[in-house]
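Per-entry structural report
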Amino acid sequence: MFNRFFLSIALALTSSFAIALTPGSQAPDFKGTDSNGVAHTLSQYRGKYVVLEWANKGCPYDQKHYRSGNMEALQRQWTGKGVIWFSVISSASGEQGSVTAAQENEYLKTMKASPTAALLDPEGEIARLYQAKTTPHMFVIDPAGKIIYQGAIDDKPTTDLADVKTARNYLNEALNAAMAGKPVATASTRPYGCSVKYRD
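Figured I'd write up the structure that's included with this text. (Residues numbered from 1 in each chain as written. Predicted model: local features only at pLDDT ≥ 70, side-chain atom pairs only at ≥ 80, totals over all residues. Heavy atoms only, no water.)

1. Re the sheet that holds strand S2 (residues 39-41)
Strand order in the open sheet formed by seven strands is S2-S1-S5-S4-S3-S7-S8, and the pairing between neighbours is mixed. A strand with exactly one partner marks an edge of an open sheet, and here the two such strands are S2 and strand S8 (147-151). For this sheet the average axis-to-axis angle between neighbouring strands, irrespective of direction, equals 30°. Relative to strand S7 (residues 138-141), strand S3 (residues 50-54) runs antiparallel, the two sharing four bridges. Within S7, the residue paired with Leu52 across the bridge is Phe139. Relative to S8, helix H6 (residues 170-179) is tilted by about 170°, and along the sheet it contacts S3, strand S4 (84-89), S7 and S8. (Pairing = 2+ DSSP bridges. Helix = DSSP H or I, 4+ residues; strand = E, 2+ residues; numbered from the N terminus. Axes fitted to C-alpha atoms, helices over the stretch in contact; angles between N-to-C directions. Contact = heavy atoms within 4.5 Å.)

Right, dumping it as structure tokens:
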């Protein structure tokens, strides 16, 4: 019953979804500060693949991927291959998923997560640039700075941890294809999860 409830929310979110940014278009440059106080821009990572993962630790869909260890494994797998991975937290202050830098660092430590960095975006500036809809919402940017994938992490829009094992992982497909010099077969999907908690 619980999972069906959240599934209905996810489907409601996806039914009103409009494609955020077109794959093949230039990814918007951004400036952001991570949970250790380090400033980053997208343009400084030109020449590398970059993953943007919108995150909200209070969201059951996000929890599914962290509590199962799926997100952490993906972070280790791809950063180990030289990919820059940013978790982006765009929850406004006081909203679900809002964290201080110290709280985020403690969460990353507890979950054994290993993104390149967690960007704190409480004003939603980066999220609005990318029209981020949900947590999670994934973007893959190629070394030329173009978006090659945007959308869901996989094809199982549920909160059931067991679904991770049987899901088709769109993120892996995009990165594997691109790094092999092949076109990304599925470049855009509908993201699912909790809505990004933008500041009004």
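2. Here's the deal with the packing of helix H3 (residues 70-79) against H6
Closest axis-to-axis distance for the H3/H6 pair is 12 Å, and the angle between their directions is 10°. Comparing their axes, H6 and H3 come out roughly parallel. Contact residues: Leu74, Gln77 and Trp78 in H3; Leu171, Asn172, Leu175, Asn176 and Met179 in H6. Among the residues making up the contact of H3 with H6, the classes are represented as five nonpolar, three polar and no charged. (Parallel < 35°, antiparallel > 145°, perpendicular 65-115°, else oblique. Nonpolar A, V, L, I, M, F, W, Y, C, P; charged D, E, K, R; others polar.)

3. What about H3?
For an α-helix, 3.6 residues make a turn, and residues three or four places apart therefore share a direction. Turning to H3, its buried residues are Asn70, Met71, Glu72, Leu74, Gln75 and Trp78. Looking at the buried positions of H3, the neighbouring elements they touch are S3, helix H2 (60-67), S4, helix H4 (101-111), S7 and H6. (Buried < 20%, exposed > 50% of the residue type's maximum accessible area, 1.4 Å probe, protein only.)

4. Remarks on empty space enclosed by the protein
One pass over the full model with this rule turns up two cavities of 30 Å³ or more. As a volume, the largest cavity reaches approximately 50 Å³. For the lining of the largest cavity, the element with the highest residue contribution is H4, accounting for three residues. Considering only residue class, the lining of the largest cavity consists of five nonpolar, two polar and two charged. There is about 40 Å³ of room inside the second largest cavity. Surrounding the second largest cavity, Leu42, Tyr45, Arg46, Lys48, Val50, Ile141, Asp142, Pro143 and Gly145 form its lining. (1 Å grid on protein atoms, 1.4 Å probe; cavity = no way out; pocket = protein on both sides within 12 Å on 5 of 7 lines; lining within 4 Å. Points joined across faces, edges and corners; volume = space filled by probe spheres on them.)

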